[in-house]
Amino acid sequence: MLTAAITSVPYPSWLNTGDNTWQLTAATFVGLMSLPGLAVLYASIVPKKWAVNVVGMMFAGFSLVMIGWFLWGYKMGFGANSVGGGVKDGVQTQLTGVGWVSHFFDNLIGKPGSLTSAADLQGKAVSAANTAVPFHFPTSTLAYFQFVFAAITPLLFLGSVLGRIKFSAWCLLVPLWSTCVYSVDAFLLWGGGYFAQEGSLDYSGGYVIHMSAGVSGFVAAWVLGPRLLRDRQHFLPNNLVMAAVGAGILWLGWNGFNGGDPYYAGADAAAAVVNTNLATAAGVLVWIAMDAWLTKEKKPTFLGAVNGMICGLVGITPAAGWVNGRGAIAIGVIASAVVWVAWNFLSKVRPFSKVDDALGVIYTHGMAGLLGGLMLGIFGDPNMLQTGCGHLDANGQVVATTATQFASTTAHCVPFSVSGLIYSPHSAHQLWEQTRAAVWVILWSAVVTFILMKLIGLVLRGARYKDEILEVGDLAIHGEEAFPDEAFAARIGVGVGAGRSDDSPASRQPDDPVPSGGSGS
């Protein structure tokens, strides 16, 4: 019994500094995947006339999700109470004895609400996202960690629609899509909603993030129509070295993406990080080999390596902490090989041949995410424990738990792991649950994205720019260039007082001729 006088302390005893530190660090890694990682990658592999537009939409999209997430989105995806009452105060109340229709709609979405008060930000995190072990950090930590996931998802499918979508249309699409698509899928699979209660699993976003982004981007690109013929035929990267920088940040940032999702700085987090890198390395090597051996040019390409990297990263994401190292390598190999075939051959078949998905997001994210989620139902290893059994003190901290106890089943506790077909050949239950969730995410993402794009088009009288603006790109839209010619460039920025000359690129209209020596990309 404590008898010491009460004095100033930095945090309450339910907070575990190791878990809180890792969760905030992991969140920062994931944030860096968007800014600058994905922004630099996408902006570097498009023609230079679109580079400013890409980074502008990246920063705007990130900011729009941030505001919406803390004003209403977080509680829709991870709140302690669902709209239908199936989840109450972080507890799932309808695990048995409820018909599937009522069960689905009562556990479809969390109650929207803001997360801005002192109690909201500093109180202990409570969510049906995790019912086995109490959270060891405040709601602000969980909310920010989940925000960076919510933010990167629409930024991923920007790769499908860039080169023609209006900036204003993008600024409407991002918060609407995040609210109507992302928050629903997040609650259903992660927030303790219907599919989570049924047993569907998505370790870190193969379905909620990548498959949804791939499908939504594909549908949005279909509604928008194709880029200009010139842009489709001459879509050359402007800086492959900077693309490598962006890709590298994306790869290593994924350590936080998958390593942060156990919510605790334990062994499963470390295993998820290792598995992430094993699958990614395998994906890179497979794509390079297939480019070198199976294409007409028979050359290993850097952009091919980036595609393989993304396939490995996305493929392992829904399974990272639930498969062993051999399973991770298998997922990387299979995801990369299947997507390579789809990229090179399926792209010539309807409907893929009729939709201009600029960066192929439907392949590297949509298909790889689907494959990874399904392969969890095959390669899930029951010996890979996310949580085990042991003892907690009054504050929810782990005490007096040996490795043997951790892995042992008792009358009151069963360690949590996933058993795939390889380890449970007579049961395809997990594969069935993965398939059900995949069908939902595909259909919901496609239908809602279609409706949103049509509505935005009506409001703005078209969601794409006119052809004369598309011919010019950044200068016509933003008045800025990524690589201006010094003879004509206007210096635009904070602290620069020089005015524009009449013949500067920033002052020219889209139909004006480009002076000799000027930038006409």
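Residues numbered from 1 in each chain as written. Predicted model: local features only at pLDDT ≥ 70, side-chain atom pairs only at ≥ 80, totals over all residues. Heavy atoms only, no water.

(A) Quick peek at helix H1 (residues 17-44). Over its 28 residues, H1 runs 39 Å from end to end, which matches the ideal 40 Å to within 8%, given 1.5 Å per residue. Of all the bends in H1, the greatest, near 40 degrees, is centred on Gly37. Where H1 begins, one side-chain oxygen reaches toward the backbone nitrogen of Gly18, 3.0 Å away; that side chain belongs to Asn16. (Helix = DSSP H or I, 4+ residues; strand = E, 2+ residues; numbered from the N terminus. Expected span 1.5 Å × (residues − 1). Bend = angle between axes of the 7 residues up to and from the residue. Polar contact = N/O pair within 3.5 Å; in protein donor to acceptor, adjacent residues only side chain to side chain.)

(B) Up close: unusual backbone geometry. A cis amide bond, omega 15 degrees, links Leu35 with the succeeding residue Pro36. Within the secondary structure layout, Pro36 lies in helix H1. Of the consecutive residues Arg350 and Pro351, the connecting peptide bond is found in the cis state with omega at 0 degrees. Relative to the elements of secondary structure, Pro351 occurs in the loop between helix H13 (325-344) and helix H14 (361-379).

(C) Structural view of the state of the cysteines. Scanning the model with the defined rule gives 1 disulfide in all. Residue Cys389 pairs covalently with Cys413 via a disulfide, S to S 2.0 Å. Here the disulfide of Cys389 and Cys413 is left-handed, its torsion about the S-S bond being about -95 degrees. Linking Cys389 in the loop between H14 and strand E3 (391-392) with Cys413 in the loop between helix H15 (403-406) and helix H16 (429-460), this pair joins segments that are 24 residues apart in sequence. Residue class for Cys389 comes out buried when judged on its relative accessible area of 6%. Since its relative accessible area comes to 24%, Cys413 is described here as partly exposed. (Disulfide = S-S within 2.5 Å. Buried < 20%, exposed > 50% of the residue type's maximum accessible area, 1.4 Å probe, protein only.)

(D) Here's a closer look at the confidence of the model for the chain. Across the chain, pLDDT averages 91, with 92% of residues at or above 70. Residue range residues 489-521 is modelled with pLDDT below 50. Its contacts to residues more than four positions away, or to other chains, number 49 contacts. (pLDDT = per-residue confidence, 0-100. Contact = heavy atoms within 4.5 Å.)

(E) Spatial organisation of the pattern of salt bridges. In this structure the tally under the stated criterion is 5 salt bridges. Close ionic contact of Asp356 with Arg227 constitutes a salt bridge, the shortest N to O distance being 2.7 Å. Taken as a pair, Asp356 in the loop between H13 and H14 and Arg227 in the loop between helix H8 (206-224) and helix H9 (229-233) lie far apart in primary sequence, 129 residues in all. In this structure, a network of salt bridges that share partners links the residues Glu198, Glu433 and Arg436. (Salt bridge = Lys/Arg side-chain N within 4 Å of Asp/Glu carboxyl O.)

(F) Layout of the layout of surface pockets. If you add up the space inside the second largest pocket, you get close to 1,000 Å³. Considering the residues around the second largest pocket, the lining is formed by 37 residues, among which Trp287, Leu303, Asn307, Trp343 and Leu359 are closest to the centre. Counting only elements with at least two residues in the lining of the second largest pocket, the list comes to H1, helix H11 (267-294), helix H12 (302-316), H13 and H14. The leading source of residues in the lining of the second largest pocket is H12, at 5 residues. Grouping the amino acids of the lining of the second largest pocket by side-chain chemistry returns 20 nonpolar, 10 polar and 7 charged. (1 Å grid on protein atoms, 1.4 Å probe; cavity = no way out; pocket = protein on both sides within 12 Å on 5 of 7 lines; lining within 4 Å. Points joined across faces, edges and corners; volume = space filled by probe spheres on them. Nonpolar A, V, L, I, M, F, W, Y, C, P; charged D, E, K, R; others polar.)

(G) Molecular detail of the nonpolar core. Ranked by internal contacts, the top residues of the largest apolar core, which has 133 residues, are Tyr42, Met58, Phe149, Trp170, Leu173, Tyr182 and Trp190. Ignoring any residue separated from it by four or fewer positions in sequence, one finds Tyr182 in contact with Trp69, Gln146, Phe149, Ala150, Thr153, Trp177, Trp190, Val208 and Ile209. (Core = buried A, V, L, I, M, F, W, Y, C linked by side-chain atoms within 4.5 Å.)

(H) Inspection of a nonpolar patch on the surface at higher detail. Residues Trp222, Val447, Phe450, Ile451, Leu455 and Leu458 make up a contiguous nonpolar surface patch of roughly 630 Å² in combined accessible area. The dominant element in the nonpolar patch, judged by the number of residues it contributes, is H16, at 5 residues. For Leu455, the position within the fold is in helix H16. Among the residues examined, Leu455 registers a relative accessible area of 46% and is labelled partly exposed. (Patch = residues over 30% accessible without salt bridge, like charges linked within 9 Å, V, L, I, M, F, W, Y side chains within 5 Å. Areas by Shrake-Rupley, 256 points an atom, 1.4 Å probe, with all protein chains shown as cover.)

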